[in-house]
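Take a look at the letters that make up each chain.
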Number of protein chains: 2
Amino acid sequence: MKEIACWFDFASNYSYLSVLRLARQKEVAVQWKPFLLGPIFKEQGWDNSPFVLQKDKGDYVWQDMPRECAKYGLPWRQPSEFPRRSLLAARVALLGEHQPWMAEFCARTMLANFEHDEDIGSEAVIATILTGIGLDAAALLTAAQSDDNKVRLRARGEEARSLHIFGAPTFFVGPDMYWGNDRLTDALARATG
Amino acid sequence: MKEIACWFDFASNYSYLSVLRLARQKEVAVQWKPFLLGPIFKEQGWDNSPFVLQKDKGDYVWQDMPRECAKYGLPWRQPSEFPRRSLLAARVALLGEHQPWMAEFCARTMLANFEHDEDIGSEAVIATILTGIGLDAAALLTAAQSDDNKVRLRARGEEARSLHIFGAPTFFVGPDMYWGNDRLTDALARATG
């Protein structure tokens, strides 16, 4: 089976595009790699998203997103809060990485943030998503916030650094790195070629 | 006639891709807008290209460029010096903006930097390019470095800031901004659509 690894952050608007595109295709198996961009940005000396710190770039991104969403047939509403706290969603996603519900959870959580303008940092929003997929929300939220799982997410961040990841989404096909939703088509072509 | 404005810096590797793509097409009229990224980056507090300041991103870019050049059928050699001094080339290009030789000068200067690994900051290299197109290199180099022309390049930089340009290449189709070679196809579609 052809494989692609997708490193993404639920707070990242360009990750939203890629997660939805990958969740809707069946040709390539996806290794989902939820992680947090925050610590990566901190290493650059940034205490927030570059789309917040660099005002002109940030303003541009909100012009770019509706066009990109139209291109890929995806819904779009600019979140009233950006970037949203993605820690809880990432912890839940870690539990789902090898579960059949992973793609659905990722897609619904991204849509909550970028279509429905919901606070994905809240337990209530994540619980509603989990319940909507037919999962035991209470049990998963408890497991997500266990010490073991917190350690796993920190290890994921160290793995990201060891791979020299500097942004999201980032894809790997074997050793080859592709950065940004704009490279997803190339990465998929590499995976299937 | 359909029009696109192309803001670019001769030192910028992603500008190289777009300048060559635009120079080779005839469907859309190009308003060439040579400018310098340096002052834009300085306003961000950066004293060099982000591809130098952010090591992981910079390393990635040199993996990305050969793949991108292959995609567009363009030659590629990683410059032994990056970013190169693009001040002289920008000053000469300002003189050519509305001349029939502009596209050819831009393409040849970009190829000098990114195919032939030549120092486009040197008068000798720029003179050879100008002579190769059949132009009076000595006269153009003198005019390029006149006080009037220096003032014009500074005004171009102020125009870039007033348009909230934060990187290169940047395209405008009417009021709509498109950033990066990855958006050139979209910008051209907008110009012809």
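Not measured: the values here are computed from a predicted model. (Residues numbered from 1 in each chain as written. Chains lettered and ligands numbered in written order. Predicted model: local features only at pLDDT ≥ 70, side-chain atom pairs only at ≥ 80, totals over all residues. Heavy atoms only, no water.)

A. Geometry of the relation of the copies chain A and chain B. Mapping chain A onto chain B calls for a screw motion: a turn of 180° about the axis and a shift of 0.0 Å along it, with 0.0 Å RMSD after fitting. What the rotation and shift describe, once combined, is the action of a two-fold rotation axis. No C-alpha of chain A lies nearer the rotation axis than that of Asp182 of chain A, which sits 3.4 Å from it. With an isologous cut-off of 70% or more, the 100% of interface residues of chain A that recur at the interface of chain B puts this contact in the isologous class. (Least-squares fit on C-alpha atoms with pLDDT ≥ 70 in both. Contact = heavy atoms within 4.5 Å.)

B. How the structure looks around unusual backbone geometry. Ala168 of chain A connects to Pro169 of chain A through a cis peptide bond whose omega is 0°. Tracing the backbone through its elements, the reader meets Pro169 of chain A in the loop between helix H9 (147–162) and strand E3 (170–173). The linkage connecting Phe82 of chain B with the following residue, Pro83 of chain B, adopts the cis geometry, with an omega of -10°. Mapped onto the secondary structure, Pro83 of chain B falls in the loop between helix H4 (55–72) and helix H5 (87–96). Although it is not a glycine, Asp117 of chain A adopts a positive phi angle of roughly 55°. Inspection of the secondary structure puts Asp117 of chain A in the loop between helix H6 (102–114) and helix H7 (123–132). Taking the relative accessible area as the measure of exposure, Asp117 of chain A reaches 21% and is therefore partly exposed. Of note, the phi angle at His164 of chain B is positive, near 65°, even though the residue is not glycine. Counting through the fold element by element, His164 of chain B comes out in the loop between helix H9 (147–162) and strand E3 (170–173). (Helix = DSSP H or I, 4+ residues; strand = E, 2+ residues; numbered from the N terminus. Buried < 20%, exposed > 50% of the residue type's maximum accessible area, 1.4 Å probe, protein only.)

C. Focus on the pairing of E3 of chain A. Residue and element names in this part refer to chain A. On E3, burial covers both faces: Thr170 and Phe172 on one face and Phe171 and Val173 on the other are all buried. Of the strand pairs in this sheet, strand E1 (residues 3–8) and E3 are connected by three bridges, and their pairing is antiparallel. Within E3, the position partnered with Cys6 by the bridge is Phe171. Between E3 and strand E4 (residues 176–179), which follow one another and run antiparallel, lie two residues, and Gly174 among them has a positive phi close to 60°. (Pairing = 2+ DSSP bridges.)

D. Spatial organisation of the pairing of strand E4 (residues 176–179) of chain B. Sheet topology places E3 of chain B next to E4 of chain B; four bridges connect them, and they run antiparallel. Among the inter-strand pairings, Thr170 of chain B is bridged to a residue of E4 of chain B, identified as Trp179 of chain B.

E. Representation of the sheet that holds E1 of chain A. All names here are of chain A. Spatially, the four strands line up as an open sheet ordered E2-E1-E3-E4, and their pairing is mixed. Across the chains shown, the open sheet's two edge strands, defined by having one partner strand only, are strand E2 (29–34) and E4. Neighbouring strand axes in the sheet, compared pairwise and without regard to direction, differ in orientation by 20° on average. (Axes fitted to C-alpha atoms, helices over the stretch in contact; angles between N-to-C directions.)

F. Molecular detail of the environment of Phe8 of chain A. All names here are of chain A. Here Phe8 shows up in strand E1. Sequence separation between Phe8 and Phe171 is 163 residues; the distance between their C-alpha atoms is 8.8 Å. Excluding anything up to four places from it in sequence, Phe8 contacts Ser15, Val19, Trp32, Lys33, Pro34, Phe35, Met102, Cys106, Met110 and Ala168.

G. Geometry of the sheet that holds strand E2 (residues 29–34) of chain B. Residue and element names in this part refer to chain B. Strands sit in the order E2-E1-E3-E4 across an open sheet of four strands; the sheet is mixed. Two strands close off the open sheet at either side, each with one partner strand: E2 and E4. Adjacent strand axes in the sheet meet at a mean angle of 20° when their direction is disregarded. Across the face of the sheet, H9 comes into contact with strand E1 (3–8) and E2 while running at roughly 110° to E2.

H. The interface of chain A and chain B, seen in detail. Taken together, the 21 residues of chain A in the interface contact 21 residues of chain B. The contact between chain A and chain B buries some 2,100 Å² in all, and 46% of this surface belongs to carbon and sulfur atoms. Area buried by chain A at its contact with chain B is led by Asp56, Tyr60 and Arg183 of chain A, which between them contribute 28% of it. Taken together, chain A and chain B are joined by eight salt bridges. Between Asp64 of chain B and Arg183 of chain A there is a salt bridge whose closest N-O contact spans 2.8 Å. One can count 14 residue pairs in polar contact (both at pLDDT 80 or more) joining chain A with chain B. Counting only elements with at least two residues in the side of chain A that touches chain B, the list comes to helix H4 (55–72) and E4 of chain A. Considering each element in turn, the side of chain A that touches chain B owes the most residues, eight residues, to H4 of chain A. Residue composition of the side of chain A that touches chain B, by class: seven nonpolar, four polar and ten charged. (Buried area = accessible area lost by both parts, 1.4 Å probe. Salt bridge = Lys/Arg side-chain N within 4 Å of Asp/Glu carboxyl O. Polar contact = N/O pair within 3.5 Å; in protein donor to acceptor, adjacent residues only side chain to side chain. Nonpolar A, V, L, I, M, F, W, Y, C, P; charged D, E, K, R; others polar.)

I. Geometry of the packing of H5 of chain B against helix H7 (residues 123–132) of chain B. Residues and elements named next belong to chain B. In contact at an axis separation of 10 Å, H5 and H7 are set at 35° when each is read in the N-to-C sense. Crossing of H5 over H7 shows right-handed handedness. Residues Leu88, Ala89 and Val92 of H5 form the contact with H7, whose participating residues are Glu123, Ile126 and Leu130. Here the residues of the contact of H5 with H7 sort into five nonpolar, no polar and one charged. (Left-handed = near helix turned anticlockwise from the far one by under 90°.)

J. Representation of helix H1 (residues 13–23) of chain A in the model. The buried fraction of H1 of chain A is high, at eleven of eleven residues. Listed in full, the buried residues belonging to H1 of chain A are Asn13, Tyr14, Ser15, Tyr16, Leu17, Ser18, Val19, Leu20, Arg21, Leu22 and Ala23 of chain A.

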